[in-house]
Amino acid sequence: MDNLSDTLKKLKITAADRTEDSLEGCLDCLLQALAQNNTETSEKIQGSGILQLFASLLTPQSSCTAKVANIIAEVAKNEFMRIPCVDAGLISPLVQLLNSKDQEVLLQTGRALGNICYDSHSLQAQLINMGVIPTLVKLLGIHCQNGALTEMCLVAFGNLAELESSKEQFASTSIAEELVKLFKKQIEHDKREMIFEVLAPLAENDAIKLQLVEAGLVECLLEIVQQKVDSDKEDDVAELKTGSDLMVLLLLGDESMQKLFEGGKGSVFQRVLSWIPSNNHQLQLAGALAIANFARNDGNCIHMVDNGIVEKLMDLLDRHVEDGNVTVQHAALSALRNLAIPVINKAKMLTAGVTEAVLKFLKSEMPPVQFKLLGTLRMLIDAQAEAAEQLGKNVKLVKRLVEWCEAKDHAGVMGESNRLLSALIRHSKSKDVIKTIIQSGGIKHLVTMATSEHVIMQNEALVALALIAALELGTAEKDLESAKLVQILHRLLADERSAPEIKYNSMVLICALMGSESLHKEVQDLAFLDVVSKLRSHENKSVSQQASLTEQRLTVES
């Protein structure tokens with residue numbers, strides 16, 4: 001390593017004199033030393049102060065520029081050298097060199113910048129602000145025949161695309177076009193994998209999703225799926241998954257999704273439909289997720305239900321009832337839930353037997369499946385009295401809902417179970433349903449739901465409780481008492497933060513409870529009159545009118 005000290009001294013002198021031949025010799029020696037022992041050589045370079053000189057050697061005119069950039073790239077492989085490289089002012093001249101015509105200079109410059117900024121979001125953000133994205137995209141277009149340079153650009157894109165601030169800049173370049181062009185030319189799995197790693201973070205941006213669709217990425221992905229679907233080679237299985245996942249991601253953008261739907265006539269939509277009955281789990285999953293994404297507006301949902309998608313999804317679910325694939329179950333239920341949103345679809349889906357198909361998963365112990373199952377049933381019975389009554393009298397279902405209302409570890413499942421319990425009552429308005437829910441121990445959960453932090457859930461609970469009080473007060477009386485409903489209503493009315501509809505429905509419920517002797521006594525003991533009379537001057541007309549009615553009722557009954 002003494003030779004190295006001599007080389008570094010000599011380099012200082014030659015760098016000052018700019019004698020290119022001797023400079024080149026010194027740089028070669030340094031590269032050799034780095035190849036033998038990178039860490040030790042890098043430490044010596046740092047100690048010698050030579051890094052500061054490198055900034056002045058990084059000029060487009062010099063024949064040594066590529067070697068200097070190569071040395072920087074090598075030393076910056078060591079984490080301890082990255083900040084010294086920044087402090088030596090190397091970033092700015094390196095960024096300038098990205099405009100060079102020399103492919104070797106470009107390659108080494110890209111490596112140097114990549115290694116210096118590796119794992120540092122702040123330095124990567126600095127590069128973005130210095131405009132490297134459009135420059136690199138242009139380079140990819142010009143030098144797409146140069147494998148090493150192409151790879152350097154892809155690695156850079158992969159790192160920069162992780163930053164949210166990069167997406168807007170990428171969207172204003174021809175990145176989508178260039179990547180798709182490059183993708184079409186690749187046959188090797190590893191190269192395609194590299195492009196996929198750039199496409200995935202970029203495709204999270206809606207503008208870029210649309211650009212990728214317009215550049216023909218979808219056709220490439222469909223081709224991959226077709227080529228790989230029957231293979232069990234590890235690389236092919238991985239590529240099928242990446243390709244179909246990316247396809248689903250592109251459908252998350254409203255514009256890109258609608259463009260591919262093409263009124264349900266699109267060839268892409270038709271191809272995706274054919275994935276659902278396939279025997280490949282990954283394709284079944286991607287197909288069901290794609291349908292869930294296509295089902296994001298009423299027009300698409302109505303078209304799909306009219307064209308038999310429900311039967312396809314029910315067949316798929318049927319294949320996954322016993323020890324099925326949880327992700328496929330979850331995806332198919334998500335699709336059915338979305339399809340059930342338009343009013344016109346509900347009756348058609350009920351007639352097709354969707355509730356029966358969904359209820360087969362009632363025994364599932366997987367929270368994501370439970371969550372989607374509950375959401376699908378809730379969507380289906382919305383304003384469908386007969387269906388709500390039928391489900392509400394299903395003791396097995398109601399008992400499971402009551403059990404899930406206690407799923408403290410899974411807030412989503414707990415919330416959806418409460419909402420479905422309330423919906424069964426609100427949409428059926430049936431005494432039998434209410435009795436089933438009372439007998440299964442559901443009352444206390446509806447009372448707790450009235451204290452939810454979500455106004456919509458509070459409201460749903462209060463309306464359901466008012467129906468219980470109107471139709472089956474005698475049967476529910478004890479449960480309402482032990483759940484402390486009257487105290488909760490007092491709190492809701494006294495709380496200034498309660499929404500107007502909560503105050504209104506709380507007063508409606510108070511009036512309904514007066515028919516029970518024990519609950520009536522609780523109302524009297526809590527001095528409701530004071531709280532209610534204050535609400536007579538409430539700015540919301542419905543609230544103030546209901547307050548007057550409730551005050552009269554309380555006065556008469558006292």
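These numbers come from a predicted model, not from an experiment. (Residues numbered from 1 in each chain as written. Predicted model: local features only at pLDDT ≥ 70, side-chain atom pairs only at ≥ 80, totals over all residues. Heavy atoms only, no water.)

## Here we look at the overall build of the protein
- A count of helices and strands for the protein gives 37 helices and zero strands.
- Against the globule reference of 24 Å for 558 residues, the protein gives a C-alpha radius of gyration of 34 Å, more extended than a compact globule.
- C-alpha atoms of the protein, sized along the principal axes, occupy 110 × 55 × 40 Å.
- Within the protein, buried positions represent 55% of all 558 residues.
- Intrachain contacts of the protein at a sequence separation of at least 6 include 71% that bridge at least 24 residues.
- Per element, the accessible surface of the protein, about 25100 Å² overall, is 50% carbon and sulfur. (Helix = DSSP H or I, 4+ residues; strand = E, 2+ residues; numbered from the N terminus. Rg over C-alpha atoms; globule rule 2.2 N^0.38 Å. Buried < 20%, exposed > 50% of the residue type's maximum accessible area, 1.4 Å probe, protein only. Contact = heavy atoms within 4.5 Å. Areas by Shrake-Rupley, 256 points an atom, 1.4 Å probe, with all protein chains shown as cover.)

## Brief notes about the UniProt feature "repeat: ARM" (unreviewed entry) in the protein
- As annotated by UniProt and renumbered to match this structure, "repeat: ARM" (unreviewed entry) occupies residues 89-131 and 308-340.
- With 73% helix and 0% strand, the stretch residues 308-340 has end C-alpha atoms that lie 14 Å from each other. (UniProt positions renumbered as here; feature names shortened; annotations may be inferred.)

## Side note on unusual backbone geometry
- Of note in the backbone geometry, glutamate 262 takes a positive phi value of approximately 45° without being a glycine.
- Even without a glycine there, the phi angle at alanine 527 is positive, about 50°.
- Inspection of the secondary structure puts alanine 527 in the loop between α35 (517-525) and α36 (528-534).

## Things to note about the packing of aromatic side chains
- The tally for this structure, following the rule as stated, stands at five aromatic pairs.
- Considering the side-chain rings of phenylalanine 157 and phenylalanine 170, the 5.6 Å spacing of their centres and the 80° angle between planes classify their relative orientation as edge-to-face. Residue phenylalanine 157 is found in helix α11 (residues 147-160), and its partner phenylalanine 170 is found in helix α12 (residues 164-171); the two are separated by 13 residues along the sequence.
- When its relative accessible area of 0% is taken as the criterion, phenylalanine 170 is described as buried.
- Taken together through their ring pairs, the aromatic side chains of Phe261, Phe269 and Phe294 make up a single cluster. (Phe/Tyr/Trp six-rings, centres within 6.5 Å; stacked < 30°, edge-to-face > 60°.)

## A few points about the pattern of salt bridges
- Under the counting rule described, the total for this entry stands at 26 salt bridges.
- Glutamate 416 is the salt-bridge partner of arginine 378, the closest N and O atoms lying 3.0 Å from each other. A residue pair is termed long-range when its members are at least 10 positions apart, and arginine 378 in helix α26 (residues 367-381) and glutamate 416 in helix α29 (residues 411-428) qualify at 38 residues. Residue arginine 378 shares its accessibility class with glutamate 416, and that shared class is buried.
- Between glutamate 460 and arginine 419 there is a salt bridge, with the nearest N and O atoms lying 2.8 Å from each other. Remark: arginine 419 occurs in helix α29 and glutamate 460 occurs in helix α32 (residues 455-482); sequence separation between them is 41 residues. Across the pair, exposure class does not vary: glutamate 460 and arginine 419 are buried alike. (Salt bridge = Lys/Arg side-chain N within 4 Å of Asp/Glu carboxyl O.)

## Topic: the packing of helix α5 (residues 65-75) against helix α8 (residues 103-116)
- Two elements in contact, α5 and α8, have axes whose closest approach is 8 Å; the angle formed by their N-to-C orientations is 25°. Comparing their axes, α8 and α5 come out roughly parallel. Crossing of α5 over α8 shows left-handed handedness. Contacts between α5 and α8 involve Thr65, Ala66, Ala69, Asn70, Ile72, Ala73 and Glu74 on the former and, on the latter, Glu104, Val105, Gln108, Thr109, Arg111, Ala112, Asn115 and Ile116. (Axes fitted to C-alpha atoms, helices over the stretch in contact; angles between N-to-C directions. Parallel < 35°, antiparallel > 145°, perpendicular 65-115°, else oblique. Left-handed = near helix turned anticlockwise from the far one by under 90°.)

## Some details on helix α24 (residues 343-351)
- Those residues of α24 that fall on the buried side of the exposure criterion are Asn345, Lys346, Met349 and Leu350. In an axial view of α24, the angular spread of the buried residues amounts to 130°, which keeps them on one side of the axis.
- Phi for glycine 353, located one or two positions after α24, is positive at around 90°. (Arc of directions from axis to C-beta.)

## Some points on α32
- When the terminal C-alpha atoms of α32 are compared, their 24 Å separation across 28 residues is substantially less than the 40 Å that a helix rising 1.5 Å per residue should span.
- The sharpest bend along α32 comes to roughly 120°, located at leucine 473. (Expected span 1.5 Å × (residues − 1). Bend = angle between axes of the 7 residues up to and from the residue.)

## Remarks on empty space enclosed by the protein
- Evaluation of the coordinates by the stated rule reveals one cavity of 30 Å³ or more.
- In this structure, the largest cavity is lined by Phe269, Leu273, His303, Met304, Asn307, Ile309 and Lys312.
- Of all the secondary-structure elements, those providing two or more residues to the lining of the largest cavity are α19 (267-275), α21 (298-306) and α22 (309-318).
- Among the residues making up the lining of the largest cavity, the classes are represented as four nonpolar, two polar and one charged. (1 Å grid on protein atoms, 1.4 Å probe; cavity = no way out; pocket = protein on both sides within 12 Å on 5 of 7 lines; lining within 4 Å. Points joined across faces, edges and corners; volume = space filled by probe spheres on them. Nonpolar A, V, L, I, M, F, W, Y, C, P; charged D, E, K, R; others polar.)

## A look at the side chain of histidine 445
- Among the structural elements, histidine 445 can be located in helix α31 (residues 443-449).
- Note on histidine 445: relative accessible area 8%, which makes it buried.
- If we ignore the near neighbours within four places in the chain, the residues touching histidine 445 are Val402, Cys405, Glu406 and Asn418.

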